[in-house]
Amino acid sequence: MDYQNKIEGIGKIFASAVTLGKFDGLHLGHQRLIQRILEQKKRGLKAVVFAFDQGSRTILTREERIQKLEKMGVDLFLECPLDQKMRHMKPEEFVKKILVDQLHVSYLAVGRDFHFGYERKGNPQLLSKMGEQYGFTVEIVPDEMDGRRKISSTYVREQLNEGNMEKVAQLLGGYFSTTGEVLHGRGLGHRKLMPTTNLIPPKEKLMPPNGVYITYSRFGDQSFHGITNVGYKPTVGGEEFLGVETYLFQCSQNLYGQKSVVSFLKFLRPERKFESLEKLKNQLMQDIQKAQKFFDEHSGSWAVNTFEENI
């Protein structure tokens with residue numbers, strides 16, 4: 001898959017199927033749009049995801065989006081910064097100069113409430129009208145629903161901020177995860193509590209509330225069940241940065257320096273400061289028991305490849 005973050009750098013593409021949006025999270029609604037353009041590859045069209053700027057805090061980092069889109073089969077991921085030029089570009093100019101002249105769009109898929117261009121005056125109806133003018137097909141794709149509510153990035157963020165990881169996974173079509181390199185901590189966990197792995201999530205990554213979660217971690221071809229604390233470790237002196245500390249079940253390996261992908265399955269409890277390390281350790285043992293019970297109860301209802309396919 002090709003990746004571009006400048007309009008000027010994409011050159012000209014001969015015949016494309018394009019979908020437009022922010023694509024923060026790549027939730028089920030986004031996946032429906034992308035599936036529409038992937039189907040057009042049978043006609044020889046290039047599948048192009050044109051994403052407008054996500055903002056400062058994102059459900060998926062740039063690297064995560066690139067990996068997922070490439071795995072889906074997208075040919076070009078074009079990440080367009082919302083600079084002053086783009087903000088003031090009229091919808092008709094965007095269609096003519098970018099979609100028609102540069103991408104040679106033949107098919108376009110957008111959501112029902114998609115808006116773009118200066119003062120957000122561009123909409124699916126305008127696109128359909130211009131499609132007739134320039135000879136490309138516009139499909140207005142129905143919303144993906146969760147009951148009576150539309151699946152959207154706002155909905156995902158809301159559930160993520162509440163720590164409702166089961167609902168987040170349902171909306172994303174896979175577990176929410178964060179990625180990082182396993183770092184050396186201060187060693188207190190190894191000496192006084194239990195061995196853990198530590199990583200720092202990317203600054204732009206939107207994380208769930210501080211607390212303890214049932215998690216699934218992958219290191220290359222290896223994977224482990226475990227529990228993870230998101231936060232600042234207040235009981236052992238506190239940290240100045242947000243950390244992701246994971247106790248892996250049945251793992252005694254040295255994993256320092258390896259890339260870890262931590263997927264969040266279920267929220268257990270908020271992070272809090274304990275009166276002593278002994279009380280913290282007792283609570284951790286209870287957390288572990290709850291997590292092990294969770295994995296035992298769900299062993300027949302989900303498979304490891306569910307995690308592997310959605311990381």
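Preceding this paragraph is the structure being described.
Since the model is a prediction, treat every value here as computed from it, not as a measurement.

With respect to the overall build of the protein
A count of helices and strands for the protein gives 10 helices and 14 strands. Burial statistics for the protein: of 311 residues in total, 49% are counted as buried. Taking the contacts inside the protein whose residues are at least 6 apart along the sequence as the reference set, 74% of them involve residues at least 24 apart. Only carbon and sulfur atoms are counted for the fraction: they give 48% of the accessible area of the protein, which is about 15,600 Å².

Focus on the environment of Lys 233
Along the chain, the position of Lys 233 falls in the loop between β12 (222–231) and β13 (243–248). On the basis of relative accessibility, which here comes to 17%, the residue Lys 233 falls in the buried class. Separated by 12 residues in sequence, Lys 233 and Glu 245 place their C-alpha atoms 9.0 Å apart.

Notes on helix α6 (residues 153–161)
Of the positions making up α6, those classed as buried are Ser 153, Tyr 155, Val 156, Gln 159 and Leu 160. Buried positions in α6, seen along its axis, are confined to an arc of 160° and lie on one side of it. Within two residues after α6, Gly 163 carries a phi angle of roughly 75°, on the positive side.

Examining the sheet that holds strand β10 (residues 197–199)
Here we have six strands laid out as an open sheet, ordered β9-β14-β11-β12-β13-β10, and antiparallel in their pairing. Taken across any chain shown, the strands that pair with only one partner, and hence form the sheet edges, are β9 (177–181) and β10. Taken pair by pair, the neighbouring strands of this sheet meet at an average axis angle of 35°, ignoring direction. Bridge count for β10 against β13 is three bridges, and the pairing is antiparallel. Residue Thr 197 lies in a different strand from β13, and its bridge partner there is Thr 246. Along the sheet, helix α7 (residues 165–172) contacts β11 (211–219) and β14 (259–270); its crossing angle with β14, the most-contacted strand, is approximately 135°.

Focus on the side chain of Glu 79
Residue placement: Glu 79 occurs in strand β4 (residues 76–80). The class for Glu 79 is buried, based on a relative accessible area of 8%. Separated by 2.5 Å, the side chains of Glu 79 and Tyr 3 make a polar contact.

Overview of the packing of α6 against α7
Where α6 contacts α7, the axes come no closer than 8 Å and their chain directions differ by 160°. The orientation of α6 relative to α7 falls into the category roughly antiparallel. Taken as a pair, α6 and α7 cross one another with a handedness that is left-handed. Residue-level inspection shows Tyr 155, Val 156, Gln 159 and Leu 160 of α6 in contact with α7, the latter providing Met 165, Lys 167, Val 168, Leu 171 and Leu 172. Residue composition of the contact of α6 with α7, by class: seven nonpolar, one polar and one charged.

As for the environment of Tyr 118
The residue Tyr 118 is located in the loop between β5 (105–111) and α5 (124–134) in this model. Take Tyr 118: its relative accessible area is 32%, and that puts it in the partly exposed class. Taking C-alpha positions, Tyr 118 is 10.0 Å from Glu 93, a pair spaced 25 residues apart along the chain. The residues touching Tyr 118, leaving out its near neighbours within four places in the chain, are Arg 87, His 88, Met 89, Lys 90 and Pro 91.

Some remarks on the packing of helix α4 (residues 91–100) against α5
It is at 11 Å that the axes of α4 and α5 come closest, and there the two elements cross at 50°. As judged from the angle between their axes, α4 and α5 are oblique. Where α4 crosses over α5, the handedness of that crossing is right-handed. Where α4 abuts α5, its residues Pro 91, Glu 92, Val 95, Lys 96, Leu 99 and Val 100 lie against Leu 126, Leu 127, Met 130 and Tyr 134. The residue makeup of the contact of α4 with α5, split by class, is eight nonpolar, no polar and two charged.

Details of the nonpolar core
By size, the foremost hydrophobic cluster in this structure holds 29 residues, and its most contacted members are Leu 20, Phe 50, Phe 94, Leu 99, Leu 103 and Leu 108. Mapped onto this core, the elements with two or more residues apiece are β2 (16–21), β3 (46–52), β4, α4, β5 and α5. Ranked by residue count, the leading element in this core is α4, at five residues. Ranked by size, the runner-up nonpolar core spans 19 residues in total, among them Leu 26, Val 49, Leu 69 and Val 74.

A closer look at the pattern of salt bridges
Summed over the entire model, instances satisfying the criterion amount to 17 salt bridges. The shortest N-O distance in the salt bridge between Arg 65 and Glu 79 comes to 2.6 Å. Taken as a pair, Arg 65 in helix α2 (residues 62–72) and Glu 79 in strand β4 lie far apart in primary sequence, 14 residues in all. The same class applies to Arg 65 and to Glu 79, which are both buried. Ionic pairing is found between Arg 269 and Asp 287, a salt bridge with its closest N-O pair at 2.9 Å.

The rules behind each value
- Residues numbered from 1 in each chain as written.
- Predicted model: local features only at pLDDT ≥ 70, side-chain atom pairs only at ≥ 80, totals over all residues.
- Heavy atoms only, no water.
- Helix = DSSP H or I, 4+ residues; strand = E, 2+ residues; numbered from the N terminus.
- Buried < 20%, exposed > 50% of the residue type's maximum accessible area, 1.4 Å probe, protein only.
- Contact = heavy atoms within 4.5 Å.
- Areas by Shrake-Rupley, 256 points an atom, 1.4 Å probe, with all protein chains shown as cover.
- Arc of directions from axis to C-beta.
- Pairing = 2+ DSSP bridges.
- Axes fitted to C-alpha atoms, helices over the stretch in contact; angles between N-to-C directions.
- Polar contact = N/O pair within 3.5 Å; in protein donor to acceptor, adjacent residues only side chain to side chain.
- Parallel < 35°, antiparallel > 145°, perpendicular 65-115°, else oblique.
- Left-handed = near helix turned anticlockwise from the far one by under 90°.
- Nonpolar A, V, L, I, M, F, W, Y, C, P; charged D, E, K, R; others polar.
- Core = buried A, V, L, I, M, F, W, Y, C linked by side-chain atoms within 4.5 Å.
- Salt bridge = Lys/Arg side-chain N within 4 Å of Asp/Glu carboxyl O.

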